[in-house]
Amino acid sequence: RALDNVIDLTAWPLPQQRLEAQAKRRIGVGLTGLGDALAMLGLRYDRQEGRDMAARVARCMRDAAYAASVALAREKGAFPRFDAGKYLAPDNFASRLPKALQEAIREHGIRNSHLLSIAPTGSVSLAFADNTSNGIEPPFDWCYRRTLRDAAGGKLDCGVEDAAWRQYRALGGDVERLPAHFVSAQSMSARDHIAMVEAVQPFVDAGISKTVNVPVDLPYEAFRDLYLQAWSGCLKGITTYRPNPIRGAVLRAHAQAVGEAQKHAI
């Protein structure tokens, strides 16, 4: 409801933008903290059990969002370009909804043409969610260093601890010997990163932001095949990230940061 209201409250720079936004009323309900949630449930992000749970979450989010948008359509009307026949046509996203939802859309319309999008949420997860894992991503690491820019334009190097890691420690867990289901972005294969998007994308009508962490020594052929895997999995897109000592990085694993400090000290 809040996101739908924003469409009408926004001061669009151009009238054409306002007309386009109001004609389709696209919004982007998403999620964050998935990686931490799986760890706290005892499920590995890089195994089928984790992907199955993520798909359950995405399906629940999809059905709830579409049901709410139908309710808004009954209250305020469907988006202006809504055409039930085209919207529910075979092979369109809405044709995969539960039959009851499809019947409700056919009868009452739907308020928003698109409802779901999983954004990066990096700053939001850090500032407002106690540094939980962001978006659909696994935790970058359980303890790591983050480079921040201060108000004067300088850089601050800060130590950061993941929310699930801190909760596990608070419950008496041994953080020096984490269970196998505590899987970070650095400790899984690039293919497993993509497999998570393949599990969730069928339940998201717009896009998913996902970084595929690639090791420095990955051969070119294997790097190329990641894009072929994404294409064959019908993904809308992926982002690959390979560490570069020249460019530097915003995030650095704790062990890496300690090694750098020791090197500079020498």
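None of these values were measured; they are calculated from a predicted model.

How do you make sense of the overall build of the protein when you look at a structure like this?
From N to C terminus, the protein includes eleven helices and five strands. When the backbone C-alpha atoms are referred to their principal axes, the protein occupies close to 70 × 45 × 45 Å. Buried residues in the protein amount to 38% of all 266 residues. Looking at the protein alone, contacts between residues at least 24 apart form 70% of all its contacts between residues at least 6 apart. Accessible surface computed for the protein: about 14800 Å², of which carbon and sulfur atoms make up 57%. When the 34 positive and 29 negative side-chain charges of the protein are each reduced to one mean point, those points stand 5 Å apart.

So what exactly am I meant to see when it comes to the pairing of strand β1 (residues 143–149) here?
Remember that side chains alternate between the two faces of the sheet whenever the strand is regular. Bridge count for β1 against strand β2 (residues 155–161) is seven bridges, and the pairing is antiparallel. Paired with cysteine 143 across the two strands is glutamate 161, which belongs to β2. With antiparallel pairing between neighbouring strands as the criterion, β1 and β2 make up a hairpin whose turn holds five residues, including glycine 153 at a positive phi of roughly 95 degrees.

Explain unusual backbone geometry to me, please; I cannot follow it from the model alone.
In most cases, non-glycine residues show a negative phi, while peptide bonds are predominantly trans. Positive phi values are uncommon outside glycine, yet threonine 121 reaches one of about 55 degrees. Position of threonine 121 relative to the elements: it lies in the loop between α6 (99–108) and α7 (122–128). In this structure, aspartate 130 is a non-glycine residue whose phi angle is positive, near 65 degrees. With relative accessibility at 48%, the residue aspartate 130 sits in the partly exposed group.

Explanation requested: the side chain of glutamine 102 in the structure shown.
As for its placement among the helices and strands, glutamine 102 is situated in helix α6. Reaching out from glutamine 102, the side chain makes a polar contact with the backbone oxygen of leucine 97 at a distance of 2.7 Å. Contact partners of glutamine 102, with chain neighbours within four places excluded, come to Leu88, Ala94, Ser95, Arg96 and Leu97.

Would you mind showing me how to read the packing of aromatic side chains here?
Here a ring pair, both rings aromatic, is described through the centre-centre distance and the interplanar angle of the planes. Considering all chains together, one arrives at eight aromatic pairs under this definition. Arranged with centres 5.1 Å apart and planes meeting at 50 degrees, the rings of tyrosine 168 and phenylalanine 182 form a pair that is tilted. Placement of tyrosine 168 in helix α8 (residues 163–170) and of phenylalanine 182 in the loop between α8 and α9 (190–200) is noted, with a sequence separation of 14 residues between them. Phenylalanine 182 gets classed as buried once you look at its relative accessible area, which sits at 10%. Following the ring pairs from residue to residue traces out a cluster consisting of Phe79, Phe82 and Tyr87.

What is the right way to read helix α10 (residues 220–232) from this model?
Helical geometry note: an α-helix holds 3.6 residues per turn, so side chains three or four residues apart project in the same direction. Compared with the 18 Å implied by 1.5 Å per residue over 13 residues, the 19 Å span of α10 between its first and last C-alpha is a close match. Where α10 is buried, its residues contact α9, β3 (211–213) and β4 (239–241).

Where do I start with the packing of helix α4 (residues 48–76) against α9 in this structure?
Think of two packed helices as two axes; the pair is described by the angle between the axes and how far apart they sit. Their axes nearest at 8 Å, the elements α4 and α9 cross at an angle of 35 degrees. Crossing angle aside, the handedness with which α4 passes α9 is right-handed. Across from Gly50, Arg51, Ala54, Ala55 and Ala58 in α4, the residues of α9 making contact are Asp192, Ala195, Met196, Ala199 and Val200.

Thresholds applied
Residues numbered from 1 in each chain as written. Predicted model: local features only at pLDDT ≥ 70, side-chain atom pairs only at ≥ 80, totals over all residues. Heavy atoms only, no water. Helix = DSSP H or I, 4+ residues; strand = E, 2+ residues; numbered from the N terminus. Buried < 20%, exposed > 50% of the residue type's maximum accessible area, 1.4 Å probe, protein only. Contact = heavy atoms within 4.5 Å. Areas by Shrake-Rupley, 256 points an atom, 1.4 Å probe, with all protein chains shown as cover. Lys, Arg positive; Asp, Glu negative; His and termini not counted. Charge placed at Lys NZ, Arg CZ, Asp CG, Glu CD. Pairing = 2+ DSSP bridges. Polar contact = N/O pair within 3.5 Å; in protein donor to acceptor, adjacent residues only side chain to side chain. Phe/Tyr/Trp six-rings, centres within 6.5 Å; stacked < 30°, edge-to-face > 60°. Expected span 1.5 Å × (residues − 1). Axes fitted to C-alpha atoms, helices over the stretch in contact; angles between N-to-C directions. Left-handed = near helix turned anticlockwise from the far one by under 90°.

Any functional reading would require information that these geometric values do not contain.
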